[in-house]
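Notes for the structure review
This is what each chain is made of:
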Amino acid sequence: MSPSRLLASACGTQDAPLILQVVRYTALFTGVAYGFYHHRSLQAKHDQHKLEHAVHTRERLVVEAKEAWKRRNDAKNSTLITDTEDSRFDLEKLLLSFDKAS
């Protein structure tokens, strides 16, 4: 027996098709509303994950940049004067240090 006939026999009236349509559209609207809500919650989780990934990437880049800066400016290069206006500037030492670095 089909659901519409079952509903018609239970109600005992001719309004069964109308009630069935109300039930169908209510179920459809409920499904659409749930789908919208579920999509928003999934999108919010995705956006949060994307933000956390971007922050983690930036933190990692900052740490790498700090380490590179430390390696570049360690104690062995502290005697090298790169300011051309300084009276102690030695171009030969500067060129030799660049040659060793590369």
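So, how was this worked out
Residues numbered from 1 in each chain as written. Predicted model: local features only at pLDDT ≥ 70, side-chain atom pairs only at ≥ 80, totals over all residues. Heavy atoms only, no water. Helix = DSSP H or I, 4+ residues; strand = E, 2+ residues; numbered from the N terminus. Buried < 20%, exposed > 50% of the residue type's maximum accessible area, 1.4 Å probe, protein only. Areas by Shrake-Rupley, 256 points an atom, 1.4 Å probe, with all protein chains shown as cover. Salt bridge = Lys/Arg side-chain N within 4 Å of Asp/Glu carboxyl O. Contact = heavy atoms within 4.5 Å.

**Observations concerning the overall build of the protein chain**
- Scanning the protein chain from terminus to terminus reveals three helices and zero strands.
- Its helices and strands in sequence order give the protein chain the pattern α-α-α, from N to C terminus.
- A total of 102 residues make up the protein chain; the buried ones form 4% of that total.
- Summing over all exposed atoms, the protein chain offers an accessible surface of approximately 9,600 Å²; the carbon and sulfur share of this is 60%.

**Quick look at the pattern of salt bridges**
- Counted by the stated rule, this structure contains two salt bridges.
- In this structure, R60 engages E64 in a salt bridge whose closest nitrogen and oxygen atoms are separated by 3.3 Å. Here R60 and its partner E64 are both found in helix α2 (residues 16-72), four residues apart, which amounts to about one turn of the helix.
- Here E64 falls in the partly exposed class, since its relative accessible area comes to 39%.
- Of the charged contacts, one joins D86 and R88 as a salt bridge, the two residues approaching to 3.2 Å between their closest N and O atoms.
- The partly exposed category is assigned to D86, whose relative accessible area is 23%.

**Describing the environment of I81**
- On the secondary structure map, I81 appears in the loop between α2 and α3 (91-101).
- We classify I81 as buried; its relative accessible area is 17%.
- Sequence separation between I81 and K93 is 12 residues; the distance between their C-alpha atoms is 8.7 Å.
- Residues within four places of I81 in sequence aside, it is in contact with D86, R88 and F89.

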